[in-house]
Structures are given as C-alpha cells and as structure tokens.
Amino acid sequence: TRVGLWTWRLCLWSCGQLPLMLRVHLLATHHPVMLTLRVQNDIGTADFMDFLYRHFLSSSNKARAAQLAMRDLRERCPHPFYWAPFMLVGHVNQP
C-alpha cells in the first residue's frame, strides 16, 4: 500500500519560511509532509507517529489522522511540549 505521506524533521527555519528543499518537494510530488518544528522528545515523536499511521491506515484521511493523533498524544502527554510541534503541510486531500 502506498501511503503518500512524508515525514521530515526541520530544526532550523530560514526567517520563518519553509526551506527550499521542502518547497521543491511539495511542488514536485504533491504529497503532504508531516513536520516537526523543533527538536522533539523521542518518546513523544514515536507515540505521535504510531498514532498517526494507525489512524491513517484505518481512514486514509491524512488531515483527520493528524488531528486524531494529536488528540491521542494530548491525552497521554497533556503538555504542549509533546504534541504542539507537529504540522501537516501540502496537498492533504490528494490520495
């Protein structure tokens, strides 16, 4: 099964804009990208990705899967440090 969702960890942002490589990827592939906006706790990231792919495989809606994964992670780890840095960008309605 082809997922069509990329995951990237971006620790450094250039003047608050997406790095060139990410912009090129989004234009070339039209696949959405799940980003973390800072260095993230490994346990929180592992839990989030587990929740994300579990929800995505059951519904194949990327935006809804991300929303449910954040909800699940907030229930497990309520502090924003764990769930706030994740962001889905790109064409999320594309198959």
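Values in this document were obtained by computation on a predicted structure and should not be read as measured data.

J.: Give a description of the side chain of H55 that names residues and reports values.
T.: Positionally, H55 belongs in helix α2 (residues 42-59). Among the residues examined, H55 registers a relative accessible area of 16% and is labelled buried.

J.: Mind laying out the packing of aromatic side chains, listing which residues take part and the relevant values?
T.: Scanning the entire structure with this criterion turns up two aromatic pairs. With a centroid separation of 3.9 Å and 10° between ring planes, the pair formed by F48 and F86 is classed as stacked. With F48 in helix α2 and F86 in strand β3 (residues 86-89), this residue pair connects regions lying 38 residues apart in the sequence. Residue F48 is classed as buried on the basis of its relative accessible area, which comes to 0%. We classify F86 as buried; its relative accessible area is 5%. Here F81 and Y82 contribute two aromatic rings whose centre-to-centre distance is 5.2 Å and whose plane-to-plane angle is 90°, an arrangement assigned as edge-to-face. The positively charged end of R74 is found above the aromatic ring belonging to W83, 4.9 Å away from the centroid.

J.: Mind laying out the confidence of the model for the protein, listing which residues take part and the relevant values?
T.: Close reading of the predicted structure is inappropriate where its pLDDT is low. Mean pLDDT over the protein: 75, with 60% of residues reaching 70 or higher. The least confident element of the protein is strand β1 (residues 6-9), whose mean pLDDT is 59; the most confident is helix α3 (residues 62-76), at 92.

J.: Describe in detail the nonpolar core, supporting the description with residues and values.
T.: Soluble globular proteins tend to bury their nonpolar side chains together. One finds M34, F48, L52, A69, L73 and F86 to be the most contacted residues of the largest nonpolar core, which totals 13 residues. Listing elements by their share of this core, those giving two or more residues are α2 and α3.

J.: Tell me about the environment of R76, and please be specific about residues and values.
T.: As for its placement among the helices and strands, R76 is situated in helix α3. Take R76: its relative accessible area is 49%, and that puts it in the partly exposed class. R76 sits 32 residues away from G44 along the chain, and the two C-alpha atoms are 9.3 Å apart. If sequence neighbours within four positions are ignored, R76 has contacts with D47 and F51.

J.: Provide a residue-level description of the pattern of salt bridges, including the pertinent values.
T.: Side chains carrying opposite charge are able to pair once their charged atoms draw close together. On inspection of all chains with the given rule, the structure shows four salt bridges. Ionic pairing is found between E75 and R71, a salt bridge with its closest N-O pair at 3.9 Å. With E75 and R71 both in helix α3, this residue pair falls four residues apart, about one helical turn. On the basis of relative accessible area, R71 is assigned to the partly exposed category, the value being 36%.

Basis of the calculations
- Residues numbered from 1 in each chain as written.
- Predicted model: local features only at pLDDT ≥ 70, side-chain atom pairs only at ≥ 80, totals over all residues.
- Heavy atoms only, no water.
- Helix = DSSP H or I, 4+ residues; strand = E, 2+ residues; numbered from the N terminus.
- Buried < 20%, exposed > 50% of the residue type's maximum accessible area, 1.4 Å probe, protein only.
- Phe/Tyr/Trp six-rings, centres within 6.5 Å; stacked < 30°, edge-to-face > 60°.
- Lys NZ or Arg CZ within 6 Å of the ring centre and 35° of its normal.
- pLDDT = per-residue confidence, 0-100.
- Core = buried A, V, L, I, M, F, W, Y, C linked by side-chain atoms within 4.5 Å.
- Contact = heavy atoms within 4.5 Å.
- Salt bridge = Lys/Arg side-chain N within 4 Å of Asp/Glu carboxyl O.

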